[in-house]
Amino acid sequence: MSQLKKTVGTAFAVAGLGLTLSAGSAMAQEITYMCSSDGNECETAREIFDRFEKENPGVTVKIDEVPYKAILESLPVQLSAGTGPDMAKVTDLGGLSEFYLDLTPYVDKKYWEDSFGGTLDWYRKGPDDDGIYGLHSQLTITGAFINKTLFDQAGVDVPSPEASWDDWAKASLEVAKKTETKFPMAMDRSGHRIAGPAISYGAKLFGPDGVPFLVDDAFTAYVQKFVDWNNDGTMARDVWAGSGGSSYQDASKEFINGQLVYYYSGSWQVAKMDDQIGDGFDWVVVGSPCGDGGCSGMPGGAGIVGFSQTEHPELVAKAIDYLAQEGNYAEMTAKTRNIPAHLGVAAAGVDYEGASAPAAAALNAWGAQVGKVSPIAFAYQGYKNNRAMFNITVQRVTQAIVGELSVDDAMTRAKDDLAKALAESN
C-alpha cells in the first residue's frame, strides 16, 4: 500500500485533534474560500472540503475560484475595505499579514510547529510573533523548464547543472535557430521570478542590518543583461513589455505549444505541464543557472490563511486545520503535484499517484533544487515588504526594456521607490 493511501486513511482519526467545534455552533454556517489554480488546486481542495462538510453537518465551504491576478490585485483591496472572503490561498505571505486570523486558540500548536517548521515565520508579523496564521499548501522553487525534444532535434548538448546564464542563452539561441522555434527563452513577468537570477549573479538585496537596499552592482548587472536579451530576441519580449504596472504575466502557453526552448518559471507549473503537454514533447526541469552568488532560485509558494474579519473564526480555523492533517495534506500534495512543506509528509515521501514519468521526474528534480537556494533568497521571501520590492522591480525593469528609461536611471528610480515604500511602511 502506498504511503499516500496509508496516510489518507488516518486523516479522519486525527483531523479533530486540533480543535473541537460543537454541532450546534456549526449549524447553517457558510465560509468562503477564495482560490486560484495553477493546475487543480481548487478542485482538490473541493474534494477534501466535501469530506469536511460531511463530518460537520450544516457547514458549507464555498470555493470562489478566481484568476491569480485577482489574488494579487483585488484581494488586498477587498481586505482593506472589510469585504474580503473568510479565507484565501495567497502568495503575498508577509504583505497581507495584518489581515490574518490567528489560528492558535483553535489548533494544536505543537502539531503545527512540528509539521511546518520555518514556513510558519513567513506569515508572522515579525520576530516577536509566534502565532499560527497560514498553512503552506504549496512549497515552490523557481527555476527553468526546457523542451528537451528541441535540444535533441537540434543536436545541441544540454548545459551542465553548473552552467551560467550566458551558457543557457547561447544554447537556447542555437536550438531555436536550428529548429526554427519562435522563442529561445522567456521568464515570467514577476519581481519574485527575477530575484533568484539576480541573487545568483551576486546581488545581496539586504544590508548587514537587515534593511533592504534592493539595487547593487550585481543586481544592476543582471538587469542590464536581461534588458539586452529582451531587446535582441533572446528573451520573449512581450512577456514583460506587453504589460503595464506590476501586472503578472507568464509564458506557460508558449512553452506548452512548443514555441519556447527555455522557460524560467517554477515548480507550480508541473501539474499544468503534465496535463497539457502530454506526449507532445519531452520536457525537463533544469533548475537555476549559476553565477558568483550560486545557483539559486527563489523559494515561495502559496498558503491558505483565514482573515480576522471573518464572522466564523472557529470554523475557518477548523477548516484550515483539516487541510493541515497529515493524510489530507499528503493527498493534496500528491494530487496537485507539489513539493510538501509538511515535514512528516516530506520525510515519508509522496506517492504522486497517477503522475506521468516526466511529472514524477520533474517533482524530484525540483526537490533537489531546494538545497541550492541562497539564504538571501529565503530572507527575501520572508521579508514583510517584499511585495513592494517585487512590484518596484517589475515596473522599473519593464521601463528599461521598452526604452522609457536607461538601466542606470531605472535602477536609480528603483532605489528611490524603495526608500519611499519603507518610509510609508514605517
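Counting of residues starts from 1 at the beginning of each chain's written sequence and follows it residue by residue. Whole-chain, interface and lining totals are the exception, using all residues; otherwise, since this is a predicted model, local features are given only for residues with pLDDT of at least 70 and side-chain atom pairs are given and counted only at 80 or more. Where side-chain values are given, they derive from all heavy atoms of the structure, hydrogens and water being excluded.

Where an unreviewed UniProt entry is consulted, the protein chain appears under the name ABC transporter substrate-binding protein, with the organism given as Hoeflea prorocentri. Under the Sequence similarities (unreviewed entry) heading, UniProt states for the protein chain: "Belongs to the bacterial solute-binding protein 1 family." UniProt positions are given in the numbering used here, feature names are shortened, and annotations may be inferred rather than shown by experiment.

It is at 12 Å that the axes of helix α7 (residues 165-179) and helix α9 (residues 217-232) come closest, and there the two elements cross at 5 degrees. Between α7 and α9, the interaxial angle falls into the category roughly parallel. Residues W165, D166 and A169 of α7 lie in contact with α9, whose contacting residues are Y222, K225 and W229. Its residues placed into classes, the contact of α7 with α9 shows four nonpolar, no polar and two charged. In this analysis, axes come from line fits to C-alpha atoms, helices being fitted only over the stretch in contact, and the angle between any two N-to-C directions falls in the range 0 to 180 degrees. The helix and strand labels rest on DSSP assignments: H or I over at least four residues marks a helix, E over at least two residues marks a strand, and numbering proceeds from the N terminus. Angle categories: roughly parallel below 35 degrees, roughly antiparallel above 145, roughly perpendicular from 65 to 115, and oblique for all the rest. Contacts are residue-level and defined by heavy atoms, with any inter-residue pair within 4.5 Å sufficient. For this scheme, ten residues count as nonpolar: Ala, Val, Leu, Ile, Met, Phe, Trp, Tyr, Cys and Pro. Four count as charged, namely Asp, Glu, Lys and Arg, and the remainder, Gly too, count as polar.

This paragraph deals with helix α4 (residues 68-81). Expected helix span is given by 1.5 Å per residue-to-residue step, counting one fewer step than there are residues. Here α4 is 14 residues long and its end C-alpha atoms lie 20 Å apart, about the 20 Å a rise of 1.5 Å per residue gives. By the largest-angle criterion, S74 marks the main kink of α4, which is about 40 degrees, and a proline, P76, follows within four residues. Note on exposure labels: buried denotes an accessible area under 20% of the residue type's maximum, exposed denotes more than 50%, and partly exposed covers the range between, all computed with a 1.4 Å probe on protein chains only. When we look at burial in α4, the residues that qualify are A70, I71, L75 and L79. Residues of α4 that are buried sit in contact with β1 (29-35) and β3 (87-90). G82 lies just past α4 and shows a positive phi near 75 degrees. The angle separating two fitted axes, one through the seven residues that finish at a residue and one through the seven that start at it, defines the bend at that residue.

Attention shifts here to the environment of C42. Mapped onto the elements of the fold, C42 is located in helix α3 (residues 41-55). When the C-alpha atoms of C42 and D64 are compared, they prove to be 8.8 Å apart, with 22 residues separating the residues in sequence. Apart from the residues within four sequence positions on either side, C42 is in contact with C35, S36, S37, I63 and E65.

Note on aromatic pairs: the rings of Phe, Tyr and Trp (six-membered ring only in Trp) are paired at centre separations within 6.5 Å, and the planes decide the class, stacked below 30 degrees, edge-to-face beyond 60, tilted for the rest. Enumeration over the complete set of coordinates arrives at 26 aromatic pairs. Where Y100 meets F307, the ring centres are 6.4 Å apart and the plane angle is 40 degrees; that geometry is what we call tilted. On the criterion of sequence distance, the pair formed by Y100 in the loop between β3 and α5 (109-116) and F307 in the loop between β8 (299-306) and α13 (313-324) is long-range, its members being 207 residues apart. Centroid distance W168 to Y262: 5.1 Å. Interplanar angle 45 degrees. Geometry classified as tilted. Highlighted residues: W168 in helix α7 and Y262 in strand β6 (residues 260-266), separated in sequence by 94 residues. Y262 matches W168 in its accessibility class, with the two residues each being buried. One aromatic cluster is present, built from ring pairs that chain together F151, W165, W168, Y201, Y222, F226, W229, W240, Y262 and Y264.

Criterion for a disulfide: a pair of cysteine sulfur atoms within 2.5 Å. If you walk through the whole model with that rule in mind, you get two disulfides. Sulfur-sulfur distance for the disulfide between C35 and C42 comes to 2.1 Å. Residues C35 and C42 are joined through a disulfide that is left-handed, its torsion about the S-S bond being -105 degrees. On the basis of relative accessible area, C35 is assigned to the buried category, the value being 0%. The class for C42 is buried, based on a relative accessible area of 3%. Across a sulfur-sulfur distance of 2.0 Å, C290 and C295 are joined as a disulfide pair. Handedness of the C290-C295 disulfide follows from its S-S torsion of about 100 degrees: it is right-handed. Assigning the bonded cysteines of the protein chain consecutive numbers by sequence position, one obtains the connectivity 1-2, 3-4.

All right, on to helix α17 (residues 375-382) then. Since one α-helical turn is 3.6 residues long, residues separated by three or four positions face the same way. Taken residue by residue, α17 has A377, Y380 and Q381 as its buried positions. Angular distribution of buried residues about the axis of α17 spans 100 degrees; they occupy a single face of the element. One side-chain oxygen at the N-terminal end of α17 lies 3.0 Å from the backbone nitrogen of I376; it belongs to S374. Taken from the helix axis, the directions to the C-beta atoms give the arc we talk about. We define a polar contact as two N or O atoms separated by no more than 3.5 Å, with the added condition that, inside protein, one atom must be a possible hydrogen donor and the other a possible acceptor, whereas residues neighbouring each other in sequence contribute only through side-chain atom pairs.

For the rest of this paragraph, the subject is the nonpolar core. Throughout, nonpolar core names a set of buried Ala, Val, Leu, Ile, Met, Phe, Trp, Tyr and Cys residues whose side chains join them through atoms within 4.5 Å. Grouped together as the largest cluster of nonpolar side chains are 131 residues, with contacts concentrated most on W112 and W283. Considering each element in turn, this core owes the most residues, eight residues, to α13. Each residue touching W283, except ones within four places of it in the same chain, is listed here: F145, I146, F255, V270, M273, D274, I277, P358, A359 and A362.

Looking now at the environment of Q138. Mapped onto the elements of the fold, Q138 is located in strand β4 (residues 134-147). In contact with Q138, not counting residues within four places along its chain, are D38, E41, K89, W268, G300, G301, A302, N338 and I339. Within polar-contact distance, the side chain of Q138 engages the side chain of E41 at 3.2 Å.

Its place among the elements puts D250 in the loop between α10 (238-241) and α11 (252-256). Although D250 is buried, it makes no salt bridge; K272 carries the closest opposite charge, 4.1 Å away. A polar side-chain atom of D250 sits 3.3 Å from a polar atom in the side chain of S252. Once residues within four sequence positions are removed from consideration, D250 is found in contact with D188, V239, Y263, Q269 and K272. In summary, the charge assignment counts Lys and Arg as positive and Asp and Glu as negative, without counting His or the chain termini. Just to be clear on terms, a salt bridge is a Lys or Arg side-chain nitrogen sitting within 4 Å of an Asp or Glu carboxyl oxygen.

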